[in-house]
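One-letter residues, chain by chain:
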Amino acid sequence: MSAWMKRSVVAVLSLAAVGCTIGASSALATPTYSSAFGSEGTGNGQFKHPADVAVNAKGTVWVVDRNNSRIEKFNEKGEYLAQFGSEGTAKGQFAHPAAAALDPEGNLWVADSGNSRIEKFNEAGEYVLKFGSFGTGNGQFNEPEGIAVDLKGNIWVADTYNGRVQEFNSKGEFVKVVGTSGEGALAEPTGIDIGPGGNVWVADWFNNRVVVFNENGEFIRKFGSEGSGNGQFKRPDALDVDTRGDVWVGDENNSRVQQFNQSGEYVAQFGSKGAGAGQFNFGFPFGITSDSKGNLWIADANNNRVQKWLIPNYVPTYQGSFGSEGSGNGQFSGPIDIAIDSEGNLRVTDLNNNRVEKFNSKGEYLSQFGTAGTGNGQFNGPSGIAMDGSGNIWVADSQNSRLEKFGPKGNYLSQFGSYGVGENGKFVETSSIGIDSKGNIWVSDHRYEWVQEFNSGGTFIRSVAGLGGPIGIGVDSKDNIWVADTDNSRLKQFTSSGTFIREGGNLGEANNRLLVPGAVAMMPNGDVLTSDRSGRVFELSPLGEYVTQFGVEGVGAGQFREPGGIAVAADGTIYVVDHLNNRVQIWK
């Protein structure tokens, strides 16, 4: 129903020596009521039990109008735009639909509860396909009340009265059943969403708890019990995991929404019973979704309206920085790129010092490798860096026109590439690296204006040309590649076979467009981050649409001078190389 100290005196002194300043996160304030729209009825923009909400990056709002058996479409101001659907069993019709979710391509998937099936519609509201029927077998349903789509396009359905969750691929083909036994056994599950790492969060309605599974369907944790205290529930129905990983649970009979962190720890709550502004009269089912701008949209079912609440401090905020100019341990001379390993440790390419430095997640210096030269393990302007699935470190040795591979401890392993203009497997200037799930390596050649793909052994596979000074490369969960088409002020997305999909970052208001994009990185929710020479970092949706931005040009805290590489931790912490300020900034 959608779309995440103590230190010793010695440590403090060592951080100060390299210019490290880490700010403490401020406590998250409770969301504030913003507005509402809708009233009871059958007319345009009216509802009879709005059951769920879905919102895309453009601010388009779809509302599941349950008892009118239709989907209504609004803009972000709550102004009515269109509708589709009617009561019935034919294609594109509904019998008391309960929930909706958007996939990465912008299609809308609807849990057609009364017909015990799932229907898919495109962005224009045109019917595409359906799957499911009434029953208890694999791929059958008994009034499904919740639906979510993961970053790979797989569909997760809360099969409510069969007491389980089912997964399907993007074609509607059955994959697996989850939640039928053990600690994670479900009883009338309703709300469902996908969180960081692909974990599946389920509102276990009858058991008054939330249950979390991994993407393989394995039980991780549960939290909650029956009651009205903090962290307790009286029929949790709606559930959303926002882009930061925060979890929002609609507590039906307590007429409130509760917030939890990724560990299931209670954070805050808001709401009370009533029909006034900011009050709720929930009815089964109802839904919650968060958008990429930090709004919570809540289907206030029995009040026949949709409420909009603002999550404070939703745009990434500056947390601190580490590094200073120099050649000592933990210092930089023109840092370029950054990568993060499975333990949260960071590697930074230090261009003019011809080395790679390693830091922990707090920015404390750990080690380094590399010297100036042309020999094995040496560098002449190291630029891009990436980690493969085995923890090996790949470095774009830009002026030596090659890629070098190192073990997790920085020990030299191998290399490939040499100087060449327009020749497969050769480079003029290696810039950035992206590694897909198969271990294949994509390399941008900024000076020749193409990207090339290699297998893990360095054998050439293909090239994609026609780019303007490409720099950054990011690989999404489907192994599509996003390339910073730098000289053309845009990002371009290609399939893993090199077929063009779309471009992004070059539309909308002038202040929301890219100027000179550099690095590219993927967020846990599938959004795309790119640094821009204007001193800003932009966030785009999986469709390339503008979401938000942070940073300004300058030398102060939270300011950038030519921001470079970006790395995103599993908890959503963002590390940005501040190239000309010789530091790495931390945002969250």
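Below is a short write-up of the structure. Quick caveat: nothing in here was measured; it's all calculated off a predicted structure. (Residues numbered from 1 in each chain as written. Predicted model: local features only at pLDDT ≥ 70, side-chain atom pairs only at ≥ 80, totals over all residues. Heavy atoms only, no water.)

What follows deals with the sheet that holds strand β36 (residues 441-445). Read from one edge to the other, the open sheet built from four strands follows the order β35-β36-β37-β38, with strand pairing classed as antiparallel. Strands with a single pairing partner mark the edges of an open sheet, and in this sheet they are β35 (430-435) and β38 (460-464). Averaged over all adjacent pairs, the angle separating strand axes in this sheet is 20 degrees, with direction ignored. Direction of pairing for strand β37 (residues 450-454) relative to β38: antiparallel, over a ladder of four bridges. Within β38, the position partnered with V451 by the bridge is V464. (Pairing = 2+ DSSP bridges. Helix = DSSP H or I, 4+ residues; strand = E, 2+ residues; numbered from the N terminus. Axes fitted to C-alpha atoms, helices over the stretch in contact; angles between N-to-C directions.)

Counting residues in each nonpolar core, the largest one holds 14 residues, and the members touching the most others are V257, F270, F280, L296 and I298. Ignoring anything within four residues of it in the chain, the contact list for V257 reads W248, V249, G250, A268, Q269, F270, F280, F282, I288 and I298. (Core = buried A, V, L, I, M, F, W, Y, C linked by side-chain atoms within 4.5 Å. Buried < 20%, exposed > 50% of the residue type's maximum accessible area, 1.4 Å probe, protein only. Contact = heavy atoms within 4.5 Å.)

Here D527 is to be found in the loop between β43 (517-522) and β44 (528-532). The buried charged residue D527 lacks any salt bridge partner; its closest oppositely charged side chain belongs to R502, at an N-O distance of 11 Å. The contacts of D527, once residues within four sequence positions are left out, are S292, A521, M522, E539, L540, S541, P542 and V547. (Lys, Arg positive; Asp, Glu negative; His and termini not counted. Salt bridge = Lys/Arg side-chain N within 4 Å of Asp/Glu carboxyl O.)

What follows covers the pattern of salt bridges. This structure, assessed with the given rule, holds 29 salt bridges. Note that D251 and R256 form a salt bridge whose closest N and O atoms lie 2.8 Å from each other. Of the two residues, D251 and R256, neither departs from the other in class, the shared state being buried. In this structure, R402 and E404 form a salt bridge, with 3.5 Å as the shortest nitrogen-oxygen distance. By relative accessible area, R402 is classed as buried at 5%. Connected via shared salt-bridge partners are K58, E123 and E545.

Another point: the sheet that holds strand β41 (residues 490-494). Backbone hydrogen bonds hold the strands of a sheet together, and the pairing may be parallel or antiparallel. Reading across from one edge, β39-β40-β41-β42 is the order of the four strands in this open sheet, with antiparallel pairing throughout. Only two strands of the sheet have a single partner each, and these edge strands are β39 (473-475) and β42 (500-504). If you compare each strand with its neighbour and ignore which way they point, the axes differ by 20 degrees on average. Where β39 and strand β40 (residues 481-485) come together, three bridges link them in antiparallel fashion. Bridge pairing in β40 links I473 to V483.

We now examine the environment of N345. Position of N345 among the secondary structure elements: in the loop between β27 (335-340) and β28 (346-350). Expressed as a C-alpha distance, the spacing of N345 and S361, which sit 16 residues apart in the sequence, is 5.4 Å. Residue contacts for N345: discarding those within four places in its chain leaves A339, I340, K358, F359, N360, S361 and L366. For N345, the side chain forms a polar contact with the side chain of E343, separated by 3.5 Å. (Polar contact = N/O pair within 3.5 Å; in protein donor to acceptor, adjacent residues only side chain to side chain.)

With that settled, consider a nonpolar patch on the surface. On the surface, a cluster of nonpolar side chains totalling about 320 Å² of accessible area is made up of Y419, V421 and Y448. Relative to the elements of secondary structure, Y448 occurs in the loop between β36 and β37. Judged by relative accessible area, Y448 falls into the partly exposed class, the value being 33%. (Patch = residues over 30% accessible without salt bridge, like charges linked within 9 Å, V, L, I, M, F, W, Y side chains within 5 Å. Areas by Shrake-Rupley, 256 points an atom, 1.4 Å probe, with all protein chains shown as cover.)

Attention now goes to unusual backbone geometry. The residue after F284, namely P285, is reached through a cis peptide bond having omega -10 degrees. Summarising the element assignment, P285 is placed in the loop between β22 (266-270) and β23 (288-290). In the Ramachandran plot, H49 falls in the positive-phi region, its phi being about 70 degrees despite a non-glycine side chain. Secondary-structure assignment places H49 in the loop between β2 (32-37) and β3 (50-55). Assessed through its relative accessible area of 10%, H49 is described here as buried. In this model, N304 sits at a positive phi of 50 degrees, which is unusual for a non-glycine residue. On the secondary structure map, N304 appears in the loop between β24 (295-300) and β25 (305-310).

Purely spatial values, then, with no claim about function.
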